[in-house]
Amino acid sequence: MRPGDGAGRIVPVGIHLPGHACLAQHTPCAVRRAASIRDGIDRESIGIAAAPRKPHTTGDCAMPSSSQVTNVLDFLPAAEHAAIRNGNSSHDCTSGIQAAIDMAGRKVFVPAGVYPVRQLSLKSGIELCGEGNASELKAYDSSPSCEFMLATYVRDGGSSDPAGNMRNIHLHDLKLNGRVAEFGYQQYFYLLAVNATSDMTVERVTFYGFRGDGMYVGSGTLHNTERHNQRIVVRNCLFDGAVKDNRNGLSIIDCDHLTVEGCVFQNIGNAKLSHSVGGIDFEPDHNWSVYRDVTIAHCKFIDIDTVNTAGITFFNGHQAGDNIHDWLVSDCQFTNCYWGIDTATRAKAPADVADNLTVRNCHFLNSVRVDIAVNGLSGTQVSGCTFQRSPPGSGPGGDAIRLGSFAYRTSENAIDTIITGNTFIAIRPQMGAIGVLGANGLVCAGNVFVDIHGSCINFAEGNTPDNSREIEAVIISGNKIRRSANAAPGAAAMSFLSTSNQMRISRGHLVVERSIEYANDIEDDIRNIANGATIQLEGLR
């Protein structure tokens, strides 16, 4: 979410450097010095051996040996170079680096060192790169001038028409350090603020110790500003909250076509907050907000385990037509998260626009509560995933997959959910490995349940105070239910199906309309239905 009025932001625009009057006055001397360095003169002052050595490269960003590369050290006092390289400079590098960005043609190179900075403003067509974690931009202090470390547009910059967006920006091989351990939590402080931007790629960047969000893909930084982002790629980055006193690694307010791949999210959380905290949070603010065609692949979410945090959170509350839909989470690993994937949803009907969340080939290990909370989403498919607790049956007790919810006196039923080809191992569920609070249209087929410390599939009985709970159109087929030879004692209570009342296993009598259960392979010593309950699937019509 964004601040109400954006007050207090400071955007440095000057380029005055003490002792460098020629640069402050935009005289040609800085340009002449940059040219001399490119020609092999004075290379020692920036830590590069004289020609003819082949230039060192990091990714595709070469050390400055070409007229196409601008070295930020050319715009910083020579007396500070050694301290910057040694990581102990207290010099405010903001105006110098900003001058390099403003005057550069395409590439701006940040050599190894630690650079204290306030806000740096990006521009279209810029490539800002360094030598990996050795090239660190560090928050200068805790003041509002450090609210955004790198930014495209802020406040009401840009326009609501994406045709006018800032575009073609490439950031890579850098470390951004917000110093949260020293300065503490601040909700609206972001290491990278992206607004009204198209075609941005962020690669091999470490977002470390962010005070609010690591990277914010927003709609301006004023509350009612409509801005849209397009085609943002975040690849092979590390989002490390350091001390779990932050908000999100990656916060998405608005983005059409987002790709996040090969990233690691770890140590992110905030015990003082109750929601909207975790690795990646999709939190649109208005009915004109867009997030669609999202791919999150080959990522790891580790130790995101403070109360009510999640590896990924999807919110569809501002879905109004075609603006929010189609999210793929593929080949990801969730380890020790409070929630693996959580959703905040509005009540929907089968005729409404589908959300279309697909979770494929992911591994969930030791989630504190629920691995995937489908809640009231429509069009969800979970396939080829592994849900596991180690040691077996450990944790306070939480379902692997939860369908439907009842919150704020409102029932939400999962619509048209497919759960197929998954493996559930040693789960100790609250309801069931698959817990069904509400579902209209559910296919649960071809799954394997092993050593479940309770029920494999549980259905809530009775209705909710708003009389809106639905459980119907359920197909359960081709599942295998097994107890291994070395199963922990808790698996002795394993059953295939059960009912519950207020999250407690009950001896209920449930009739499920338009439903069928067949061809499930249940070992002889495992109960079909727990606790003497009856579950009657009325058959398809």
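In short, a report on the structure. Predicted model only: the values in this text are computed from it and were never measured.

About the criteria used
- Residues numbered from 1 in each chain as written.
- Predicted model: local features only at pLDDT ≥ 70, side-chain atom pairs only at ≥ 80, totals over all residues.
- Heavy atoms only, no water.
- Helix = DSSP H or I, 4+ residues; strand = E, 2+ residues; numbered from the N terminus.
- Buried < 20%, exposed > 50% of the residue type's maximum accessible area, 1.4 Å probe, protein only.
- Contact = heavy atoms within 4.5 Å.
- Areas by Shrake-Rupley, 256 points an atom, 1.4 Å probe, with all protein chains shown as cover.
- Salt bridge = Lys/Arg side-chain N within 4 Å of Asp/Glu carboxyl O.
- Pairing = 2+ DSSP bridges.
- Core = buried A, V, L, I, M, F, W, Y, C linked by side-chain atoms within 4.5 Å.
- Polar contact = N/O pair within 3.5 Å; in protein donor to acceptor, adjacent residues only side chain to side chain.
- 1 Å grid on protein atoms, 1.4 Å probe; cavity = no way out; pocket = protein on both sides within 12 Å on 5 of 7 lines; lining within 4 Å.
- Points joined across faces, edges and corners; volume = space filled by probe spheres on them.
- Nonpolar A, V, L, I, M, F, W, Y, C, P; charged D, E, K, R; others polar.

1. Describing the overall build of the protein
For the protein, the helix and strand inventory stands at five helices and 48 strands. Put simply, the protein has 541 residues, and 57% of those count as buried. Sequence-distant contacts, at least 24 apart, represent 79% of the contacts inside the protein between residues at least 6 apart. Of the roughly 19900 Å² of accessible surface on the protein, 49% is carried by carbon and sulfur atoms.

2. A few points about unusual backbone geometry
Between Ser390 and Pro391 the backbone carries a cis peptide bond, its omega angle lying at 0 degrees. By the secondary structure assignment, Pro391 is in the loop between strand S30 (386-388) and strand S31 (401-403). Positive phi is not limited to glycine here, since Arg231 has a value of about 50 degrees. Its place among the elements puts Arg231 in strand S14 (residues 230-235). A relative accessible area of 38% places Arg231 in the partly exposed class. Phi at Asn356 takes a positive value of approximately 60 degrees, unusual for a residue other than glycine. By the secondary structure assignment, Asn356 is in the loop between strand S25 (339-344) and strand S26 (357-360).

3. Regarding the pattern of salt bridges
Summed over the entire model, instances satisfying the criterion amount to 24 salt bridges. With a shortest N-O distance of 2.7 Å, Asp305 and Lys244 are connected by a salt bridge. Taken together, the positions of Asp305 in the loop between strand S21 (300-302) and strand S22 (310-315) and Lys244 in the loop between strand S15 (238-240) and strand S16 (248-252) put the pair 61 residues apart, joining distant regions of the chain. Since its relative accessible area comes to 25%, Lys244 is described here as partly exposed. Here the residues in one salt-bridge network are Asp173, Glu203, Arg204, Arg235 and Glu261, joined through shared partners.

4. Describing the environment of Asp331
Considering the arrangement of structural elements, one finds Asp331 in the loop between strand S23 (324-330) and strand S24 (333-335). Overall, the relative accessible area of 33% leaves Asp331 in the partly exposed class. Expressed as a C-alpha distance, the spacing of Asp331 and Gly384, which sit 53 residues apart in the sequence, is 9.4 Å. Residues in contact with Asp331, not counting those within four places in the same chain, are His298, Cys299, Arg360, Asn361 and Cys362.

5. Points about the environment of Phe424
Relative to the helices and strands, Phe424 is located in strand S35 (residues 423-425). Assessed through its relative accessible area of 0%, Phe424 is described here as buried. A sequence separation of ten residues divides Phe424 from Ile434, and the C-alpha atoms of the two residues are 9.3 Å apart. Apart from the residues lying within four places of it in its own chain, the contact partners of Phe424 are Phe387, Ala400, Ile401, Ile419, Ala433, Ile434, Asn447, Val448, Phe449, Val450 and Ile452.

6. Details of the environment of Thr417
Tracing the sequence through the fold places Thr417 in strand S34 (residues 414-420). Overall, Thr417 belongs to the buried group, its relative accessible area being 1%. When the C-alpha atoms of Thr417 and Leu377 are compared, they prove to be 8.5 Å apart, with 40 residues separating the residues in sequence. Every residue in contact with Thr417, bar those within four places of it in the chain, is listed here: Val374, Thr380, Leu403, Gly441, Leu442 and Val443.

7. Notes on the pairing of strand S8 (residues 135-139)
The element S8 is extensively covered by neighbouring structure, given that five of its five residues are classed as buried. Across the two faces of S8 the burial is the same, with Ser135, Leu137 and Ala139 and Glu136 and Lys138 all buried. As judged from the five bridges shared by strand S5 (residues 113-117) and S8, these two strands associate in the parallel manner. Within the sheet, the bridge partner assigned to Gly113 lies in S8 and is Ser135. Note: S8 against strand S10 (residues 166-177), three bridges, orientation parallel. Bridge assignment links Lys138 to a residue of S10, and that residue is Asn177.

8. Notes on the nonpolar core
Counting 106 residues, the largest nonpolar core has Met215 and Ile296 as its most contacted members. Among the elements that make up this core, the one with the highest residue count is S10 (five residues). Ignoring sequence-local partners within four residues, the contact set of Ile296 consists of Val260, Ile280, Phe282, Phe301, Ile312, Phe314, Leu328, Val329, Ser330 and Cys332. Listed in part, the seven residues of the second largest apolar core include Ala151, Tyr190, Ala193 and Tyr216.

9. Some points on the side chain of Asn520
Its location among the elements puts Asn520 in the loop between strand S45 (516-518) and strand S46 (521-522). According to the relative accessible area criterion, Asn520 is buried, its value standing at 14%. A polar contact is formed between the side chain of Asn520 and the backbone nitrogen of Gly478, at a distance of 3.3 Å. Contacts of Asn520, omitting those with residues within four sequence positions, involve Ile476, Ser477, Gly478, Asn479 and Phe496.

10. Some thoughts on empty space enclosed by the protein
Overall, the coordinates contain one cavity of 30 Å³ or more when judged by the stated rule. Considering the residues around the largest cavity, the lining is formed by Val117, Arg118, Ala139, Asp141, Cys146, Glu147, Met149, Gly178, Phe189, Tyr190, Leu191 and Arg211. For the lining of the largest cavity, the per-class residue count stands at seven nonpolar, one polar and four charged.

Take it as geometry only, folks, not as evidence of what the structure does.
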